[in-house]
Amino acid sequence: IFIVLGLLNWPSAARLVRSQVLTVRELDFTTAARGLAEALVRVRERLAARAAAGAGAGAGAGAVTAEPGTSTAVALASTARGPGRYAERVIVRDGTQVVVIPIARVDYLEAQDDYVAIHVEGRSWLKQQPLAELASTLDPDRFVRVHRSYVLNLERIARLEPYAKDSRVAVLTDGREVPVSRSGYQRLRELMGG
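Residues numbered from 1 in each chain as written. Predicted model: local features only at pLDDT ≥ 70, side-chain atom pairs only at ≥ 80, totals over all residues. Heavy atoms only, no water.

Draft legend 1. Highlighting the nonpolar core. Ranked by size, the top nonpolar core spans 16 residues in total, and within it Ile101, Val106, Leu109 and Ile118 carry the most contacts. When contributions to this core are tallied by element, the ones reaching two or more residues are strand E1 (89–94), strand E2 (97–102), strand E4 (115–120) and helix H4 (131–135). In terms of residues, this core owes the most to one element, E4, which gives 3 residues. Counting residues in each nonpolar core, the second largest holds 13 residues, with Val146, Tyr150, Leu152 and Leu154 among its members. (Core = buried A, V, L, I, M, F, W, Y, C linked by side-chain atoms within 4.5 Å. Buried < 20%, exposed > 50% of the residue type's maximum accessible area, 1.4 Å probe, protein only. Helix = DSSP H or I, 4+ residues; strand = E, 2+ residues; numbered from the N terminus.)

What follows is the structure in structure tokens.
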């Protein structure tokens with residue numbers, strides 16, 4: 001290119017360089033697009049083979065299967081963790097930041113439509129995930145569903161008080177109150193041994 005630039009005047013050389021740069025960019029884009037298309041074909045083939053193997057002989061070795069009511073992302077995460085291991089942290093977006101919340105610091109979880117409000121030491125974060133899905137990743141010896149909209153950390157319960165005829169309220173160590181249903185109360189009694 002430098003030899004050609006010396007033979008041509010400046011405007012002609014600039015046009016030549018620009019045309020060569022565009023050609024190189026087009027080649028890079030075409031190569032990248034071709035590579036992506038080939039990768040997608042391979043992924044589709046592997047997924048089809050995995051689905052055929054799963055349909056023919058049950059779940060294949062290493063296949064990730066989701067139980068009814070859970071997403072494949074939760075199934076994949078539980079497979080990665082291994083049996084008997086539970087989530088140790090929850091990742092939540094807070095504007096442009098990503099907040100990592102250790103599970104041990106969580107006071108309780110509250111369902112809010114398709115979101116979960118994660119309450120930690122007086123602060124709350126919203127995570128776009130159903131409550132049942134998030135609760136399934138938590139240790140059942142530490143967290144219990146006490147109401148259709150609440151999951152409590154057992155370590156945060158200070159006392160249980162009667163609220164109405166068939167319901168109770170759990171008073172947390174910081175004074176906040178969380179409703180407890182009849183079935184939630186039965187689960188609490190089983191876990192707390194009383």
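After that view of the structure, there is still more to cover.
Draft legend 2. Structural context of the pairing of E1. Bridging between E1 and E2 involves 6 bridges; their strand directions are antiparallel. Bridge pairing links Arg89 to Pro102 in E2. In sequence, E1 turns back onto E2 through a hairpin of 2 residues, with Gly95 there showing a positive phi of about 70 degrees. (Pairing = 2+ DSSP bridges.)

Draft legend 3. Seen up close, the sheet that holds strand E10 (residues 177–180). Strand order in this open sheet of 3 strands is E8-E9-E10, and the pairing throughout is antiparallel. If you trace the sheet from one side to the other, it starts and ends with strand E8 (157–162) and E10, each paired once. Here the strands of the sheet are splayed against their neighbours by 30 degrees on average, with no regard to which way each runs. Bridge analysis of E8 against strand E9 (residues 168–172) gives 5 bridges, and the strand direction is antiparallel. Residue pairing for E9: Ile157 is matched across the bridge by Leu172. (Axes fitted to C-alpha atoms, helices over the stretch in contact; angles between N-to-C directions.)

Draft legend 4. Quick look at helix H5 (residues 182–192). Gly184, Tyr185 and Leu188 are the residues of H5 that are buried. Mapping the buried residues of H5 onto a view down its axis gives an arc of 100 degrees, with all of them on the same face. Exposed positions of H5 whose direction lies more than 90 degrees from the buried face are Arg182 and Glu190. Taken together, the buried residues of H5 touch strand E6 (143–147), E8, E9 and E10. Backbone geometry just after H5 places Gly193 at a positive phi near 70 degrees. (Arc of directions from axis to C-beta. Contact = heavy atoms within 4.5 Å.)

Draft legend 5. A look at the packing of aromatic side chains. On inspection of all chains with the given rule, the structure shows 1 aromatic pair. Considering the side-chain rings of Tyr108 and Tyr150, the 6.0 Å spacing of their centres and the 45 degrees angle between planes classify their relative orientation as tilted. Of this pair, Tyr108 sits in strand E3 (residues 108–112) while Tyr150 is found in strand E7 (residues 150–153), placing the two residues 42 residues apart along the sequence. Taking the relative accessible area as the measure of exposure, Tyr108 reaches 8% and is therefore buried. Exposure remark for Tyr150: the relative accessible area of 15% places this residue in the buried category. One residue, Arg168, lies across the ring of Tyr185, its end atom 3.9 Å from the ring centre. (Phe/Tyr/Trp six-rings, centres within 6.5 Å; stacked < 30°, edge-to-face > 60°. Lys NZ or Arg CZ within 6 Å of the ring centre and 35° of its normal.)

Draft legend 6. Here's a closer look at the sheet that holds E3. The sheet built from 5 strands is open, its strands ordered E5-E4-E3-E7-E6 with antiparallel pairing. Every interior strand has two partners, whereas the edge strands, strand E5 (123–127) and E6, have only one. Across this sheet, the average inter-strand angle for adjacent strands is 25 degrees, counted without regard to direction. Pairing of E4 with E5 involves 5 bridges; the strand directions are antiparallel. Counted as the bridge partner of Ala117 is Leu126 from E5.

By themselves, these are just geometric observations and shouldn't be taken as functional.
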